[in-house]
There are 2 protein chains.
Amino acid sequence: MRIIIDGFGGDNAPLEVLKGAARAVNELGVEVTVVGDKEKIESCAKENGVDISKLEIYHAPDVIDVCCDPSKILKEYKDCSMAVGLRLLHEGKGDAFVSGGSTGALVFGATFIVKRLKGIKRVALATVLPTVKEPCMVLDVGANADCRPEMLAQFGVMGSAYMSRHMGRKNPRVALANIGAEPTKGRDLEREAYRLLSSSPVNFIGNIEGRDIPLAGADVVVADGFSGNMILKTMEGMGKFISGSLRGMFSGGIGAKLSGLLVLKKLNEFKKKMDYTEYGGAPLLGTARPVIKAHGSSDANAFCNAIRQAKIFIESNVLEEISAGLDELKNKENVENGQAE
Amino acid sequence: MRIIIDGFGGDNAPLEVLKGAARAVNELGVEVTVVGDKEKIESCAKENGVDISKLEIYHAPDVIDVCCDPSKILKEYKDCSMAVGLRLLHEGKGDAFVSGGSTGALVFGATFIVKRLKGIKRVALATVLPTVKEPCMVLDVGANADCRPEMLAQFGVMGSAYMSRHMGRKNPRVALANIGAEPTKGRDLEREAYRLLSSSPVNFIGNIEGRDIPLAGADVVVADGFSGNMILKTMEGMGKFISGSLRGMFSGGIGAKLSGLLVLKKLNEFKKKMDYTEYGGAPLLGTARPVIKAHGSSDANAFCNAIRQAKIFIESNVLEEISAGLDELKNKENVENGQAE
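Description of the structure in this document. These numbers come from a predicted model, not from an experiment.

### Quick look at helix α2 (residues 38-48) of chain B
Residue and element names in this part refer to chain B.
Part 1 of the reasoning: Regarding α2, the residues found buried are Ile41, Cys44 and Ala45. Taken down its axis, α2 places every buried residue within 95° of arc, on the same side. Exposed residues on α2 whose side chains face more than 90 degrees from its buried face are Glu39, Lys46 and Glu47.
Part 2 of the reasoning: On its buried face, α2 is in contact with α1 (15-28), β2 (31-36) and β3 (56-59).
Part 3 of the reasoning: With a side-chain oxygen lying 3.1 Å from the backbone nitrogen of glutamate 39, the N-terminal cap of α2 falls on aspartate 37.
Part 4 of the reasoning: Two residues or fewer past α2, glycine 49 is found with a positive phi of approximately 65°.

Structure representation (structure tokens):
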């Protein structure tokens, strides 16, 4: 198994990518191809004493910036490390692709270079988030600001496949992010998506309000990319707000300081639980081959985790499960529309 | 000044309404009219030893349930305590109305019974939320699942007026909830609202992502009712998740328990800060006269706070400020469209 990784994606590239990739080769029993400017990679490894002898380095002269228009990955930036890596994946020169670079460019590039699974309307960006119990998946979290109901139904199938195969969750509970419990709540988008999900092959449990997401009300939360991004980022901001406030509380007075010292260790444990980068990167679901978006601030540990995630993604046959689910979804729709299967 | 309160709105009505109203009369120097079934109110007061001699009781035989279709407040439930209270407000028999009952019915009833300020397209439900620094206002949080750009621009004007007049915030920073910082981010709704807010009379600082809302990135966050509800409820759920997790951490082992005892007091302080009911109810902005939605789970203290909030709402001339802002917004639009002022 060979994982391709973008050598120049993320704030700490290429050094942390190289360190993470070297560790992955040693620890995970995978082969890794690092894509990027060969000369820069070799001098960075030399300067920092990173052993890259077990890595394959594939040259790509350019880098696409996060501020850049994502669609430029197809023409102006077709020789950037991300575009070249995606092409290698498409050509079968590897089994999965990992990048910590621009989310927009990765979604765009994956859609048009790696292409979509048959029948998939849109690629979704999915994130696994902490809850009071086991982590849950929210998708889409930003790849598609505007969605149609059929897309949300497909997100449900894809999220369910990932959570059951990759995360080993049995019969994952799929819910639709909404502003109330009743099927009539929300916009036309949610009302129609509710209907489609109700007759889909997933274990659809109905609507979920924002409050119940961190309280483990579902294993998969389906949302349009705008709402999903609001949920994800608000959770992130609240985590920072609260851990910051608690730290502040234990910085004044001797009594507070004393209890604070005892508390700090606990807070750090908690912070680790809250840190969704611990769960690896965000998988792009719906692409023809596995693509993982590593967090932009990833360090060697996070890149190694993202490579581990890519490995499990492949081994657990998530894509086959998605395809099977899509077929079933389509058949159910046909039956409902009175067409022959 | 006379505040009208719904005697049968909320989980703890009428007892906690009566206790809160009686306290408000004594402490705040306001007159209070409680609307609801006179016989039930009198027997409840007698049974529980609440002195209601200083309250005016206005009879309304019916109660509208939270599960009921909101539009029924106009016909089938026109004699419910909420509808009667709204009519009293419309007729000038009081200066503001407070209810802990059905949000949907209150928005619907306020819009059609109390009516809107001249030029207002939609009434918005606004909530004041805690942040790392001073609290901020998010609106709309659920009155309008579907919004047009002009509505978001008006929400900006209304939120800014409330935060400056009611909360004393100088030149409030108004931001648009979005999935990225650039003006081109989001859906057509956000792109057009961004343009309108940029040329509006408010201190518009651009887009805000979910992460920066709890981190005090703005004083007023403008959102469609669907996204605003996701933000509000996700913050609420995260608060519960985190305080629950921290409690759990200090329940095992002697060392943990010891530090936990010292920590509990701090956690309770924090919980109080996180409890947005402490800031009073959620004002409906855009109605012709002040209407406050008290939390459904309000106790006497929360009802008294909501009455105090109504009092400040009136005294601080929020409605005049909103009207002035709307005029300015309209003039700017006219100038932009090349029409004479």
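### Focus: the state of the cysteines
Part 1 of the reasoning: Overall, the coordinates contain zero disulfides over all chains when judged by the stated rule.
Part 2 of the reasoning: No disulfide involves A:Cys44; its sulfur sits 17 Å from the nearest other cysteine sulfur, which is in A:Cys304.
Part 3 of the reasoning: Of the cysteine sulfurs around B:Cys147, a residue in no disulfide, the closest is that of B:Cys136, at 18 Å.

### Details of the sheet that holds strand β11 (residues 291-293) of chain B
Residue and element names in this part refer to chain B.
Part 1 of the reasoning: Read from one edge to the other, the open sheet built from eleven strands follows the order β3-β2-β1-β4-β11-β10-β5-β6-β9-β7-β8, with strand pairing classed as mixed. Strand pairing shows two members of the sheet lacking a second neighbour, β3 and β8 (203-208), which therefore form its edges. Each strand of the sheet is rotated relative to its neighbour by a mean of 25°, with strand direction disregarded.
Part 2 of the reasoning: As judged from the five bridges shared by strand β7 (residues 173-177) and β8, these two strands associate in the parallel manner. Residue alanine 177 lies in a different strand from β8, and its bridge partner there is isoleucine 208.

### Side note on the environment of A:Leu117
Part 1 of the reasoning: Along the polypeptide, A:Leu117 turns up in the loop between α4 (103-114) and β5 (124-129).
Part 2 of the reasoning: Those residues in contact with A:Leu117 that lie beyond four places of it in its chain are A:Gly286, A:Thr287, A:Ala288, A:Leu319, A:Ile322 and A:Ser323.

### Observations concerning the packing of helix α5 (residues 149-165) of chain A against helix α10 (residues 318-336) of chain A
Residues and elements named next belong to chain A.
Part 1 of the reasoning: Two elements in contact, α5 and α10, have axes whose closest approach is 9 Å; the angle formed by their N-to-C orientations is 140°. Crossing of α5 over α10 shows right-handed handedness. Contacts from Ala153, Gln154, Val157, Met158, Ala161, Tyr162, Ser164 and Arg165 of α5 reach α10 at Val318, Glu321, Ile322, Gly325, Leu326 and Leu329.
Part 2 of the reasoning: Of the residues in the contact of α5 with α10, the class split is nine nonpolar, three polar and two charged.

Rules behind the numbers
- Residues numbered from 1 in each chain as written.
- Chains lettered and ligands numbered in written order.
- Predicted model: local features only at pLDDT ≥ 70, side-chain atom pairs only at ≥ 80, totals over all residues.
- Heavy atoms only, no water.
- Buried < 20%, exposed > 50% of the residue type's maximum accessible area, 1.4 Å probe, protein only.
- Helix = DSSP H or I, 4+ residues; strand = E, 2+ residues; numbered from the N terminus.
- Arc of directions from axis to C-beta.
- Contact = heavy atoms within 4.5 Å.
- Polar contact = N/O pair within 3.5 Å; in protein donor to acceptor, adjacent residues only side chain to side chain.
- Disulfide = S-S within 2.5 Å.
- Pairing = 2+ DSSP bridges.
- Axes fitted to C-alpha atoms, helices over the stretch in contact; angles between N-to-C directions.
- Left-handed = near helix turned anticlockwise from the far one by under 90°.
- Nonpolar A, V, L, I, M, F, W, Y, C, P; charged D, E, K, R; others polar.

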